[in-house]
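# Results of the structural survey
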Amino acid sequence: MADDPKEIAKIGDALARPAIRKMFAMDPIGALERAGVNVSKVPEATLDLLASLQPWEVEVLGRVAELAKSKGIQTMKGDHVGVIIH
Amino acid sequence: MLRLADMLAMRATPAAGLIIEVTRRCPLSCGHCSTSSTMRGSDLDSASALQFVEGFSRENRPAIVSLTGGEPLLRPDFVKSISKLCNAVNTRVHLLTGLFFARSSRIPAPINDALRSIDHMAASLDRFHERELSRERVFFALDAVLEMGKEVSLQILGYDESDPYLDDVVADVTTRFGDRVPMLISSVRAIGRGRNLEILKRRSPSKVGESGLSADSISPCSMAAWPVICSDGRITGCCNQEVVDGLRVEHLTLGHVATTNWSLIRHKMSVDPVLRCLRAVGPRFLGERTGTGYSDSYCHACHRLSDREDVKETVGSTIPAPLLEVIEELAVARFDDDNARATGFADEYGVSRFAHLATLGR
C-alpha cells in the first residue's frame, strides 16, 4: 500500500463520492487524478490493486470511505457495553 | 499516563487493548446495569488470569488493559497484581468503577492502594448511580484520585441525546473540575436490568432493512477489536454483553484464559478472517452475502453468522484479500491525530453533541 497516508486518505475521500466511483469504473487513474489525488505519490502496486477491483468491490470500498469520511471508521451502534457502559 | 482520548483513539485497533471482566459482583443495584450484577456474581479465576498477563512482554503486549465488572475494586489485591505485571511491560491500566467505596468518608486502604496502582480510573455517573451514590460523593472520589496524580474520566449515561440530565451533569462537572475530567457520554441501552426500564420499552424499534444490499448494510464494527476475558475464563473477540454473558458464537470465541496466551489471542484478533471482515464492513453485509440474513439488531446479525457451520470459510472469503487490505489501510489513513480518532469514536458510539468532551484536558 501507499507510503503516504495522506494520499491514501485522499483516495478514500475520492471514492466516497458516487460520481467519482462511476468514473473510476471506466478510468481508475483518471478518476483519482480528477479527484485531486497525486497518483505519482501512490505506489504502482497500490494503483494496480485499485484498478483490479470489481465494480461491487469499488462500491463496498466507496461506502466504507463515505462512512469513514462522515463519521470516522467506527460506524455502527451495536449493543456493546464492556468499556462504554458500566 | 493514560487519557480517555488515548484509549478511544486505540479502541478500533485490533488487540491494542484487552478487557478483563474481573468479577460479576457489585454492591450497587443500579436499575440500568447492563451486566445485571449483584453480590452473588462470580469472580474471574486469579491464578489463570495472572498467568495470562505474565505472558505479556515489552515486545508483545496490549497497550491498554481495561479492568471492568461488576465492580473490579471489590478485588483490590487482584487489581494491584494485574497492574504490577502490566506496569513491568509498560501496559497501561484502565479501570471502570461504580465508586461504591465513596460512600465512606475515607477511601479504604486496600482500595486506595489499588487505585494508586492503575493509570486511569473511569467512573460511572448517571441518574441510576446517583440513586446509589450522590453526585457529591462521586466528585469526592474524583478529587481524591486526581490528587494521586492519576487520570480520571466519567462515563455518563442519559436516556437519549436530548436528556436534560446530561446538560445538568456536564455543567456540574465542568464547573467543578474545569477540563480535568473528560467525559464519554452515551445512552442507556435495553441490556441487563436496563431491559426492564419502561422508558426504553417505549422506544420505537429501529427500521428493519430491506433485502439485498440495504442502505445501512455497510457498517464496520469497531468492537471486534479488543478481546475480552470474561469472568468465567472464556476469551471472546467482542464485548457484546450477550456474548460475555455466555452466548456461544463460534466466530467470536477465541479460547479460555487457562489454556491460551496473549500471543495467540493477539494473532487471532489480527488475522482471523471473520473478525477482519467484521471490522471492515460489519455483520449486516456479511449476513446478506452469506445467506444468514439481515437482522434488525446489529449484533444479532453478527451472532447469526455462526448459524453456518462453515462460518470461517464462507464469511472469511466474502471480502477478497486485496479489498480487505485497502479498507484496512483507509481506516488507518483517515485520521492523522488521536484527538480526531477519539472524537470520532465518541461521536459514533456516544451522544454526538458531547463527543468533544472525550478529549478534555489535551
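Conventions we followed
Residues numbered from 1 in each chain as written. Chains lettered and ligands numbered in written order. Predicted model: local features only at pLDDT ≥ 70, side-chain atom pairs only at ≥ 80, totals over all residues. Helix = DSSP H or I, 4+ residues; strand = E, 2+ residues; numbered from the N terminus. Rg over C-alpha atoms; globule rule 2.2 N^0.38 Å. Buried ≥ 20, exposed ≤ 12 C-beta atoms within 10 Å, placed from the backbone. Contact = placed C-beta atoms within 7 Å. Domains from an automatic or database assignment.

### Quick word on the overall build of chain B
Each helix and strand counted, chain B has 16 helices and nine strands in total. For chain B, the C-alpha radius of gyration of 20 Å lies close to 21 Å, the compact-globule estimate for 362 residues. With the C-alpha coordinates of chain B rotated into their principal frame, the extents come out at 60 × 45 × 45 Å. Of all 362 residues assigned to chain B, the portion counted as buried reaches 52%. The long-range share in chain B, meaning contacts at least 24 apart out of those at least 6 apart in sequence, stands at 74%.

### Section: unusual backbone geometry
Glycine aside, residues mostly have negative phi, and peptide bonds are mostly found in the trans state. Residues and elements named next belong to chain B. Look at the link from Gly69 to Gly70: it is a cis peptide, with omega at 10°. Relative to the assigned elements, Gly70 resides in the loop between β2 (64–68) and α3 (76–88). A positive phi is found at Ala15, a non-glycine position, where the angle reads about 60°. If you trace the backbone, Ala15 turns up in the loop between α1 (4–10) and β1 (17–21). Not every positive phi belongs to a glycine, and Leu99 is a case in point at roughly 65°. Owing to 25 C-beta atoms within 10 Å, Leu99 belongs among the buried residues under this scheme.

### So, the domain arrangement of chain B
Residues and elements named next belong to chain B. Domain parsing of chain B yields domain 1 (4–203 + 337–359) and domain 2 (228–319). Taking only C-alpha atoms into account, the centre of domain 1 sits 24 Å from that of domain 2. Across the boundary between the two partners, domain 1 contributes 23 residues, which contact 17 residues of domain 2. Contributions of two or more residues to the side of domain 1 that touches domain 2 are made by β1 and α2 (46–54).

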